[in-house]
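What follows is the residue order along each chain.
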Amino acid sequence: MKVGVPNSFCYAGMENFFIRVIPEVFEDSQVIFSGKTTKEMVEYGLKNGCDELCIPAKIFIGHVEYLIRKKSVDVLFLPRLVSVLPSTYSCPKIIGIPDIIRANYHGVKLVVPEINLRKKRKMMSEKSMKNEQLFDFPMAKIAKVKNIMVLAHSYVIFDEFLNKGILETIKSAGYNPIYPIYYRFNSFYISSDLPKEFFWSSARDIYNYFEWAVNNTQINGVVYLMTFGCGIDSVLQELIMRKCNELGLPYLCITVDEHCADVGIQTRIEAYLDMIEWRTSKDEKNYLSTHG
Amino acid sequence: MRKITFPHMGNLFVIAKVLFEELGFEVVVPPYNNRIAIEIGKRLSPEFICLPFKLNMGNFIQAIEMGADTIVIFGGCGPCRFGYYGALEKEILKDLGYDIEMIVIEPLFYGLRNFLEQVSKIFARKNIASILKRVYRLAKKVDGIERKAHFLRPREMVKGSVDKIYERFRKESLQVYGVDQMERLVDTANVLLDNVYIVNEKVRKIGIVGEIYTIIDCFSSLNIEKILGEMGCEVERNLYISQWIDTHLIYPIFKRKDQIVKRYSKDVMPVLIGGHARETISYAKYFAAQKYDGILHIFPLTCMPEIIAKSVLNGIKNQIDIPIMHVVVDEIDSDVGIKTRLEAFLDLIEARSEDGERGLLFRD
């Protein structure tokens, strides 16, 4: 049996988990991943997704359609990620995305187990969940100086269509990009200065990383890569912006959607890095502001 | 003494006002949602936050200018953004330099102590139970008036007579004090509405589903109910304030569930995904089963759960076989655009029902 797994959006970085779990669920199965986002998938997604969906969710629909059309899978494995950290929720779109697929693609068999760590209730077998993390991303290496923090959801940072080569641009300008990844920080760091702890798993991860990095590393600037229509980002971005203003950190927010061109974003990042460069070099020479 | 204020949401102010008055506070009701409120909200809020947040900010600032010093709102534990409203609004008001206390009533998920601490700031009197009971009865009555208005608007003989009574009720409710006076006012409005002369016109029935704030609050839904009423349509909503109290505060105590939601969401959305997405889908299916003529789905731009609901409704539109119009509301200025769209929608319904076979053309 061919079991299809789209690996974008909320299932990005879960490859190892799926390889481990799927043989337990299905006998005699063959796991098929949709792979990296291609132009074809983006087009499928834009055509079939509802207008208001955020762009990662649209691309996700493209991945699903690609699996159905090109790979002719027998069954789609879409766990419902209600919560991936204790006492949090995922974004409503992530929780509801299997329902969208079920409503829009009739005739495809879906297997939707529920992963809910909110109240320590696990619907999948204990063995496969125990002591294993769900997400598996390469960690960012932190340099001594010249770090630029790129904040975004992991599925944005690691999707080549969505990140618009931002990490490469930063690297080629001589800076070291660092970024948060899901499910890494909560084990030893809980943020304290928030008015209220976030109830979204991803927001908690991102904010914890932000706070940890601000306190423990040398950061020259913060870039927030926001996807258009993302509900979590709209709140999180505001709080991070306020905090950056308070700390005097250079801050840049970029909103990406399906219409944005790589080059425009690269130019903005380069200009931003130039500003940081200029600012640090002036700071050293007792600079007097031209504003008087 | 505290001067309490709270955000607007449709006729919520009627109930909230008398509740706080009975508890012995001075109440500042912010001006009805208006253009100024939205302008203030737009300026102070995050860019991509949903419309209710912007209106809340506008209400708060206007109320503070009128002398309020305490804000009471509900919190939440997600996954919808509403749960973070209180915390974010607190931050924004603090940064603006307003010296104001915010009482955010969080659900029990965040601990009983926190809950009691916040609630005890408001409920200091002893006869809470009887006050709550009376206020609840009032809430039912106020929603009854709204329901009656929905029924009468397309049928009234002298056009505009219902709205005259309704608006007068809303205006006068700001001047009365306490549950008893408010109840008398509600009864008067009821009697007046009962005496509206009605004619038996051909009335179409439209079901409204969607995000709670935008369907309850007539300003943010661009007066859609009124416009539809004038166009000869009876409107039925899936949510009223008293119904919200029922399903969210009273049912959980008795471990009861909304039967319609339970029945109609089984195969499309088995679990809760936050907000009212599940209610939206199940009531859309329910209205279709009740042979309504059309469904309006109203939600604010970037509302996370309702976008899922819209996508699912798109997917099952062949199954429920009823025209659905999605209205996304944001900081829109005029209701001309919405009027045109509603006219087109009603034309479609008309064409569909008149000549059965040809109507098929319009279905997809």
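Model, not experiment: these values are computed from the prediction.

What counts and how
- Residues numbered from 1 in each chain as written.
- Chains lettered and ligands numbered in written order.
- Predicted model: local features only at pLDDT ≥ 70, side-chain atom pairs only at ≥ 80, totals over all residues.
- Heavy atoms only, no water.
- Pairing = 2+ DSSP bridges.
- Helix = DSSP H or I, 4+ residues; strand = E, 2+ residues; numbered from the N terminus.
- Axes fitted to C-alpha atoms, helices over the stretch in contact; angles between N-to-C directions.
- Contact = heavy atoms within 4.5 Å.
- Buried area = accessible area lost by both parts, 1.4 Å probe.
- Polar contact = N/O pair within 3.5 Å; in protein donor to acceptor, adjacent residues only side chain to side chain.
- 1 Å grid on protein atoms, 1.4 Å probe; cavity = no way out; pocket = protein on both sides within 12 Å on 5 of 7 lines; lining within 4 Å.
- Points joined across faces, edges and corners; volume = space filled by probe spheres on them.
- Nonpolar A, V, L, I, M, F, W, Y, C, P; charged D, E, K, R; others polar.
- Core = buried A, V, L, I, M, F, W, Y, C linked by side-chain atoms within 4.5 Å.
- Buried < 20%, exposed > 50% of the residue type's maximum accessible area, 1.4 Å probe, protein only.
- Phe/Tyr/Trp six-rings, centres within 6.5 Å; stacked < 30°, edge-to-face > 60°.

A. Fine view of the pairing of strand S2 (residues 30–33) of chain A. In the sheet, strand S1 (residues 2–5) of chain A pairs with S2(A) via four bridges, with the strands oriented parallel. Bridged to Val3(A) within S2(A) is Val31(A).

B. Fine view of unusual backbone geometry. All names here are of chain B. You will see that Asn223, though not glycine, has its phi angle at about 55°, which is positive. Positionally, Asn223 belongs in the loop between helix H9 (212–216) and helix H10 (224–230). At Thr302, a residue that is not glycine, the phi angle is positive and equals roughly 65°. Along the chain, the position of Thr302 falls in the loop between strand S7 (294–300) and helix H14 (304–315).

C. Structural view of the sheet that holds S1(A). All names here are of chain A. Within the open sheet, the four strands sit side by side as S2-S1-S3-S5. Their pairing is parallel. The outermost strands of the open sheet, each flanked by one partner alone, are S2 and strand S5 (109–111). For this sheet, the mean inter-axis angle between neighbouring strands, taken without regard to orientation, is 30°. Pairing analysis gives three bridges linking strand S3 (residues 75–77) to S5, with the strands arranged parallel. In the sheet register, Leu76 faces S5, and the bridge partner there is Leu110. The sheet contacts of helix H3 (residues 55–70) involve S1, S2 and S3, and relative to S3 the element is tilted by about 150°.

D. Inspection of the interface of chain A and chain B at higher detail. With 38 residues of chain A at the contact, the number on the chain B side is 40 residues. Taking both sides of the interface into account, the surface hidden between chain A and chain B amounts to around 3,400 Å²; carbon and sulfur atoms contribute 70%. On the chain A side of the contact with chain B, Glu52(A), Pro92(A) and Lys196(A) bury the most area, a combined 18% of that side's loss. At the boundary of chain A with chain B, the tally comes to ten residue pairs in polar contact (both at pLDDT 80 or more). When contributions to the side of chain A that touches chain B are tallied by element, the ones reaching two or more residues are helix H4 (92–104) and helix H10 (231–247) of chain A. Top element by residues in the side of chain A that touches chain B is H4(A). It accounts for nine residues.

E. Up close: the environment of Glu91(B). Residue placement: Glu91(B) occurs in helix H4 (residues 82–96). Filtering out sequence-adjacent residues up to four positions away, Glu91(B) remains in contact with Pro195(A), Leu239(A) and Arg242(A).

F. Quick look at empty space enclosed by the protein. All names here are of chain A. What the rule picks out here adds up to two cavities of 30 Å³ or more. Size it by volume and the largest cavity reaches roughly 120 Å³. For the lining of the largest cavity, the leading source of residues is helix H9 (residues 201–216), giving three residues. Class assignment for the residues of the lining of the largest cavity results in ten nonpolar, three polar and one charged.

G. Up close: the sheet that holds strand S2 (residues 26–27) of chain B. Residues and elements named next belong to chain B. Overall, parallel pairing links the four strands, which are arranged S2-S1-S3-S4 in an open sheet. Sheet topology places S2 and strand S4 (101–105) at the edges, where each strand pairs with a single neighbour. By the bridge criterion, two bridges tie strand S1 (residues 3–5) to strand S3 (residues 70–74) in an arrangement that is parallel. Bridge pairing in S3 places Thr5 opposite Ile71.

H. The arrangement of the nonpolar core in detail. Residues Phe198(A) and Ile240(A) are the most contacted members of the largest nonpolar core, which totals 146 residues. Core analysis: the second largest hydrophobic core is formed by 67 residues, Val119(B), Met182(B), Val196(B) and Ile241(B) among them.

I. Structural view of the packing of aromatic side chains. Residues and elements named next belong to chain A. All told, the structure shown has 30 aromatic pairs over all chains when counted by the stated rule. Ring plane angle 10° and centroid distance 4.7 Å describe the contact between Phe137 and Phe158, whose orientation is recorded as stacked. In this pair, Phe137 sits in the loop between helix H5 (126–129) and strand S8 (147–151) while Phe158 sits in the loop between helix H6 (154–157) and helix H7 (160–163), placing the two residues 21 residues apart along the sequence. Residue class for Phe137 comes out buried when judged on its relative accessible area of 8%. Residue Phe158 is classed as partly exposed on the basis of its relative accessible area, which comes to 30%.

Taken by themselves, the reported measurements are silent on function.
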